[in-house]
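One letter stands for each residue in the lines below.
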Amino acid sequence: MFMEVIIAICVLLLLAYFFDLTAAFTKIPTVILLLLLGWVVRQAVHFFGFDFPDLEPLLPVFGTVGLILIVLEGTIDLELNISKIGIINKSFVGTIVPMLAMTFLIGYGFVEFSGCTFRQGIVNAIPFGVISSAIAIPSVRHLHRKNREFITYESSLSDVIGVLFFNFISFHQIINGKTFAVFGGQLIIMIIISMAATLLMSYLLNKIEHHIKFVPIIILIILIYELAKISHLPALIFVMILGLFLGNLDQLKNVKWMKFFNPEGLDKEVHKLEELTIEAAFLIRSLFFLLFGFLMETKEILNPETFVWALSIIAIIYAFRFIQLTITNLPIAPLLFVAPRGLITILLFISVKENDKIMLVSRSLVIQVILLSILVMMIGLMWHKPQKDDAKISEPHQNAIGPTEETSVG
């Protein structure tokens, strides 16, 4: 039995790699094929009557580790310099304003139709407001460089801000001035811890001469993240600060104290760490979506009771996105279509506390919104005619980030 399982996992991951290789040509998002493949495996398991243990507890584990790796991978790729201020501002405003507006509108709908409290409505609405960088960034590799940059910044910020927002609302029963003060204090503490941990990581990265050093560093990153999360601190801030620091060493080379870290040597090690992170993120992300597809039931996908709600949420998402792109003077096509929901939406949904759950927001609704948003992106990108620069496939390292922050999620 174990041999068959190992063979099956190897075949599935090789297929995931094939999907990733061909995605730029087929324009079919890899996640759609992974979910479908996972679902097909589930049907085969049932058809042949195989006994299978409950794999659902593995979903948040893969999701949290995947989130950390995706955010680290994405933030290392982000450039922070004067020339990027414009796109960073547009990405930040374009992330936070629509997210808040969508969340309050969808949350209000939940309150009206389910009778829950406004806070519960907001907690359950936040997962639908977060763009999945794990899906968005790999899907736009063939687009114009400026469009790719915007999607990278926007989806990365969406992950981080979305998780922070979720944790803030989820962890506090009462929202008042004291709540904001406590959260601000936690944020400052986490930033200080993150800066100290980042310097420690950079020192270890440069000084360890043992032939095994990148895996222990990644494990240490995950450990620090989990310890911060247990302490109810915005843990994803640490991953984001670490990634931004390591990815922007060129901007810090003239700072005196940076000589202590030997920026030139550290830069070489960062490239090696980035390569390992990209490979690991691909592995964990593939396992996560294969597992989620395996856990999906046909009745959840085709549930007519939640379909109207799913369509309504999709309409709200793209209405706000159209307004956002128009106001920020960004191209409607193809950016309008690139607003997929995915890994973060699933993680936040899983992280909703029992006393905050409402019947209206079910697995069916989450699955339908994710699938519809990915299908819209796929159709939009297929319909979009590539410009001259679009024909160039983006660098293989420009993958996805996702971030988000410290939630029960991660």
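Model, not experiment: these values are computed from the prediction. (Residues numbered from 1 in each chain as written. Predicted model: local features only at pLDDT ≥ 70, side-chain atom pairs only at ≥ 80, totals over all residues. Heavy atoms only, no water.)

Looking now at the overall build of the chain. The number of helices and strands found in the chain is 16 helices and 0 strands. Over its C-alpha atoms the chain spans a radius of gyration of 21 Å, differing by no more than 12% from the 22 Å that the globule rule assigns to 410 residues. C-alpha extents for the chain along the principal axes are approximately 65 × 55 × 45 Å. Per-residue burial over the chain gives 56% buried out of 410 residues. (Helix = DSSP H or I, 4+ residues; strand = E, 2+ residues; numbered from the N terminus. Rg over C-alpha atoms; globule rule 2.2 N^0.38 Å. Buried < 20%, exposed > 50% of the residue type's maximum accessible area, 1.4 Å probe, protein only.)

Turning our eyes to something else, we now look at helix α3 (residues 58–77). Across its 20 residues, α3 extends 29 Å between first and last C-alpha, which sits within 8% of the 28 Å expected from 1.5 Å per residue. The element α3 is extensively covered by neighbouring structure, given that 14 of its 20 residues are classed as buried. (Expected span 1.5 Å × (residues − 1).)

The next point concerns the pattern of salt bridges. The tally for this structure, following the rule as stated, stands at 11 salt bridges. Taking the shortest distance from any N to any O, the salt bridge between Arg119 and Asp356 comes out at 2.8 Å. With a gap of 237 residues between them, Arg119 in helix α5 (residues 118–125) and Asp356 in the loop between α15 (343–351) and α16 (363–383) connect regions that are remote in the sequence. For Lys299, the salt bridge goes to Glu297, with nearest N and O atoms at 3.7 Å. Exposure remark for Lys299: the relative accessible area of 64% places this residue in the exposed category. Overlapping salt bridges, with partners in common, bring together Arg42, Glu297 and Lys299 in one network. (Salt bridge = Lys/Arg side-chain N within 4 Å of Asp/Glu carboxyl O.)

Along the chain, Ala23 falls in helix α1 (residues 2–26). What makes Ala23 buried here is its relative accessible area of 16%. Spatially, the C-alpha atom of Ala23 lies 8.7 Å from that of Pro138, the residues being 115 residues apart in sequence. Those residues in contact with Ala23 that sit more than four places away from it in its chain are Ile28 and Thr30. (Contact = heavy atoms within 4.5 Å.)

Turning our eyes to something else, we now look at the packing of aromatic side chains. A full pass over the atoms with the stated rule returns 12 aromatic pairs. Measuring from centroid to centroid gives 5.4 Å for Phe113 and Trp309, while their planes differ by 90 degrees, and the two rings are edge-to-face. With Phe113 in helix α4 (residues 85–114) and Trp309 in helix α13 (residues 304–327), this pair connects stretches of sequence that are 196 residues apart. Its relative accessible area of 67% is what places Phe113 among the exposed residues. Assessed through its relative accessible area of 18%, Trp309 is described here as buried. Residues Phe288 and Phe289 carry aromatic rings whose centres are separated by 5.3 Å and whose planes lie at 85 degrees to one another, so their mutual orientation is edge-to-face. Overall, the relative accessible area of 0% leaves Phe288 in the buried class. The class of Phe289 is buried, set by a relative accessible area of 3%. Cluster of aromatic residues (ring-pair linked, three or more members): Phe110, Phe113, Phe128 and Trp309. (Phe/Tyr/Trp six-rings, centres within 6.5 Å; stacked < 30°, edge-to-face > 60°.)

In this section: the environment of Val123. Within the secondary structure layout, Val123 lies in helix α5. For Val123 and Glu264, which are 141 residues apart along the polypeptide, the C-alpha to C-alpha distance reads 45 Å.

By size, the foremost hydrophobic cluster in this structure holds 125 residues, and its most contacted members are Phe110, Phe128, Ile221, Phe289, Leu343 and Leu365. Considering every element that reaches this core, the biggest residue donor is helix α11 (residues 263–295), with 13 residues. Sequence-distant contacts of Phe128, defined by excluding residues within four places in its chain, comprise Ile106, Phe110, Ile313, Ile317, Arg341, Val361, Leu365, Val366 and Val369. (Core = buried A, V, L, I, M, F, W, Y, C linked by side-chain atoms within 4.5 Å.)

Of the residues in the chain, 93% reach a pLDDT of 70 or more, and the chain-wide mean stands at 87. Of all helices and strands in the chain, the one with the weakest mean pLDDT is helix α6 (residues 133–139) (87), whereas α5 scores best (96). Confidence over residues 391–408 falls short of pLDDT 50; this stretch has 103 contacts with residues more than four positions distant or in other chains. (pLDDT = per-residue confidence, 0-100.)

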